[in-house]
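# Structure assessment
One letter stands for each residue in the lines below.
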Amino acid sequence: KQVQTPLLLLHNDKDGAVDFTQGIEFFNTLRRLNKPVVMLQYRGENHGLRRPENTRDYTRRMAEFFDHHLLGKPAPSWLQQGVPWLNMKDYMEEYGNSH
């Protein structure tokens, strides 16, 4: 309950080291406490990222997250509004093509 620092959490659905439900539980708990947390999840990835497109995407999002929180740049739309799971595939294609 004492978390104050904005957190960008990466937890993938095929994680073999930490059960996926634990990441969801941690994220949901922080959200219920109105803490500044965002969770990224890459379908089919393990504890780390292996697919080049996911690595590029995560690197861009980390940069945007830190640019916003450390440099005061405007927050990107994915950070402000999130992306619904059902729209993720289309969003990733569009996001990847726009950067």
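The paragraphs below set out a description of the structure included in this document. Quick caveat, the model's predicted, so the values are computed rather than measured.

Quick notes on the rules
- Residues numbered from 1 in each chain as written.
- Predicted model: local features only at pLDDT ≥ 70, side-chain atom pairs only at ≥ 80, totals over all residues.
- Heavy atoms only, no water.
- Phe/Tyr/Trp six-rings, centres within 6.5 Å; stacked < 30°, edge-to-face > 60°.
- Buried < 20%, exposed > 50% of the residue type's maximum accessible area, 1.4 Å probe, protein only.
- Helix = DSSP H or I, 4+ residues; strand = E, 2+ residues; numbered from the N terminus.
- Pairing = 2+ DSSP bridges.
- Salt bridge = Lys/Arg side-chain N within 4 Å of Asp/Glu carboxyl O.
- Patch = residues over 30% accessible without salt bridge, like charges linked within 9 Å, V, L, I, M, F, W, Y side chains within 5 Å.
- Areas by Shrake-Rupley, 256 points an atom, 1.4 Å probe, with all protein chains shown as cover.
- Core = buried A, V, L, I, M, F, W, Y, C linked by side-chain atoms within 4.5 Å.
- Contact = heavy atoms within 4.5 Å.

### Digging into the packing of aromatic side chains
- This model, assessed by the stated rule, comprises 1 aromatic pair.
- Geometrically, the ring pair formed by Phe 65 and Phe 66 is edge-to-face, given 5.5 Å between the ring centres and 80 degrees between the ring planes.
- The class of Phe 66 is partly exposed, set by a relative accessible area of 41%.

### Description of the pairing of strand 2 (residues 37-40)
- Across the two faces of strand 2 the burial is the same, with Val 37 and Met 39 and Val 38 and Leu 40 all buried.
- Bridge count between strand 1 (residues 7-10) and strand 2: 4 bridges; the pairing is parallel. Looking at strand 2, one finds that Leu 9 is bridged to Met 39.

### Describing the pattern of salt bridges
- Inspection of every chain in the model, using the stated rule, returns 2 salt bridges.
- For the salt bridge of Lys 73 with Asp 67, the shortest nitrogen-to-oxygen distance reads 3.8 Å.
- Residue classification places Lys 73 among the partly exposed residues on the basis of a relative accessible area of 42%.
- Classification of Asp 67 by relative accessible area gives partly exposed; the value is 24%.

### Examining a nonpolar patch on the surface
- A contiguous nonpolar surface patch, about 350 Å² in accessible area, is contributed by Phe 66, Leu 70 and Leu 71.
- Locating Leu 71 in the fold gives a position in helix 2 (residues 52-71).

### Section: the nonpolar core
- Judged by nonpolar contacts, Leu 8, Val 38, Leu 40, Tyr 42, Tyr 58, Phe 65, Ala 75, Trp 78, Leu 79, Tyr 91 and Tyr 95 together constitute the single largest core of 11 residues.
- Mapped by element, the contributors of at least two residues to this core are strand 2, helix 2, helix 3 (77-81) and helix 4 (88-97).
- The residues contacting Tyr 58, other than those within four sequence positions of it, are Leu 8, Leu 10, Leu 40, Tyr 42 and Leu 49.
- Counting 5 residues, the second-largest nonpolar core is a separate cluster that includes Leu 9, Leu 30, Val 37 and Met 39.

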